Amino acid sequence: MTAPPPRNAMSVDVEEWFQVQAFAGVIPRERWEVSDSRVVASTDRILARLAEAGVRATFFTLGWVAERHPALVRRIAEAGHELASHGYGHELVHQIGQARFREDIRRAKVVLEDAGGVAVTGYRAPTFSVGPAITPWAHRVLAEEGYRYSSSVFPLRHDLYGAPDAPRGPHLPDPEGVPELPMTTLRAFGRNLPCAGGGWFRLAPYPLFRTALRRVNQAEGRAGMFYFHPWEIDPGQPRVAAAPRRARFRHYTRQGSMEQRIVRLLRDFAWGRVDEVFASEIAAPAPAPTARAA
Ligand SMILES: [Zn+2]
């Protein structure tokens, strides 16, 4: 008798198109308030696709968005999805430091719980700006502020983020902190390759991604952690011509086919909320292994 393949965790980082790190140098925070808000329509489309597929997911939502669109937050929670926190203001955790991080996640939790009417216990750092080397205090501060898990670390090398020395599987970075549920990577060619979503998911041929995630599920017996954003399925969003070429490429490539890709992905694997798929890892986390790329 073989064990059933593990269910994977589906997650959405709910933020506006103008809040991404790639545009931070071009669209200053002061312009957020006057920029064209598109997050409600795209997130409602995601809710519809998930409902059609019968999938419940986790929505890591920005406090800034929840304050302006509380009805959307309420719809997310009422549909049976897990409402979780993407922090308040989408600031890089390693840049703002411990005290402002605490304020940011505290404020986000209050705003989200008020809007959604449910407890918020999951957290994802903006732009995966958490890791053992850059923010060794983050998981403890999260525990102190009433969170129960973090899904904020991407254990690979990347120019904007990444913690290549972090363990690949769920682990407890700090005995006094919350467990970490990292983005999924595939170990191949002596490296950790991304297998979790983002620009890579839009760029790679879909069957290649499917094969990689199946390998994580079957060969390693691990559940995957997938993420995407409402702006990735919104090809009609305003174009930021002043952004660097590389940022524009990453942001806009294949947005037109992304929604159909997600529909396929929802069909090809079994999915669930982060707090359900990783319930045992959250309840009884394993200590961080000391070996690299564990
Ligand atoms: Zn984000």
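Above this note sits the structure.
These remarks concern the structure in this document. Remember, predicted model here, so these are calculated numbers, not experimental data.

1. Re the side chain of Glu 145
Consideration 1: Tracing the backbone through its elements, the reader meets Glu 145 in the loop between α5 (138-144) and β5 (149-150).
Consideration 2: One polar contact links Glu 145 to Arg 102, side chain to side chain, over a distance of 2.9 Å.
Consideration 3: When neighbours within four sequence positions are excluded, Glu 145 is seen to be in contact with Arg 102, Ile 105, Arg 106 and Lys 109.

2. Regarding the pattern of salt bridges
Consideration 1: Counted according to the given criterion, the structure contains 24 salt bridges.
Consideration 2: With a shortest N-O distance of 2.5 Å, Arg 49 and Glu 259 are connected by a salt bridge. Residue Arg 49 is found in helix α1 (residues 39-53), and its partner Glu 259 is found in helix α9 (residues 255-268); the two are separated by 210 residues along the sequence.
Consideration 3: Take Glu 259: its relative accessible area is 15%, and that puts it in the buried class.
Consideration 4: When the shortest N-O distance is used, the salt bridge between Arg 106 and Glu 145 registers 2.9 Å. One end of the pair, Arg 106, is in helix α4 (residues 93-116); the other, Glu 145, is in the loop between α5 and β5, and 39 residues separate them in sequence.
Consideration 5: Owing to a relative accessible area of 45%, Arg 106 belongs among the partly exposed residues under this scheme.
Consideration 6: Where salt bridges share partners, they join Arg 102, Arg 106, Arg 140, Glu 144, Glu 145 and Asp 174 into one cluster.

3. Here we look at the coordination of the zinc ion
Consideration 1: Of the protein atoms, only Glu 15 (OE), His 86 (NE2) and His 90 (NE2) coordinate the zinc ion, at distances of 2.0 to 2.1 Å.
Consideration 2: Going along the chain, you hit the donors of the zinc ion in the pattern E-x70-H-x3-H. Taken as a pair, Glu 15 in the loop between β1 (8-14) and α1 and His 86 in the loop between β3 (82-85) and α4 lie far apart in primary sequence, 71 residues in all. Each member of the pair, Glu 15 as well as His 86, carries the same accessibility label: buried.

4. With respect to the packing of aromatic side chains
Consideration 1: Within the structure shown, the criterion is met by 20 aromatic pairs.
Consideration 2: Ring centres 5.1 Å apart and planes at 80° place the aromatic pair Phe 128 and Phe 154 in the edge-to-face group. Here the residue Phe 128 occupies a position in the loop between β4 (122-123) and α5, and Phe 154 occupies one in the loop between β5 and β6 (185-188), the gap between them amounting to 26 residues. Pair check on accessibility: Phe 128 and Phe 154 agree, each one buried.
Consideration 3: The rings of Phe 201, Tyr 206, Phe 209, Phe 226, Phe 228, Phe 269 and Trp 271 are connected pair by pair, giving a single aromatic cluster.
Consideration 4: In this structure, Arg 68 is placed above the aromatic ring of Trp 64, and the distance from its NZ or CZ to the ring centre is 3.8 Å.
Consideration 5: The cationic tip of Arg 107 hangs over the ring face of Tyr 88; the distance from NZ or CZ to the ring centre is 3.7 Å.

Criteria and thresholds
- Residues numbered from 1 in each chain as written.
- Predicted model: local features only at pLDDT ≥ 70, side-chain atom pairs only at ≥ 80, totals over all residues.
- Heavy atoms only, no water.
- Helix = DSSP H or I, 4+ residues; strand = E, 2+ residues; numbered from the N terminus.
- Polar contact = N/O pair within 3.5 Å; in protein donor to acceptor, adjacent residues only side chain to side chain.
- Contact = heavy atoms within 4.5 Å.
- Salt bridge = Lys/Arg side-chain N within 4 Å of Asp/Glu carboxyl O.
- Buried < 20%, exposed > 50% of the residue type's maximum accessible area, 1.4 Å probe, protein only.
- Donors = N, O, S within 2.8 Å, 3.2 Å for Na, K, Ca; no water.
- Phe/Tyr/Trp six-rings, centres within 6.5 Å; stacked < 30°, edge-to-face > 60°.
- Lys NZ or Arg CZ within 6 Å of the ring centre and 35° of its normal.

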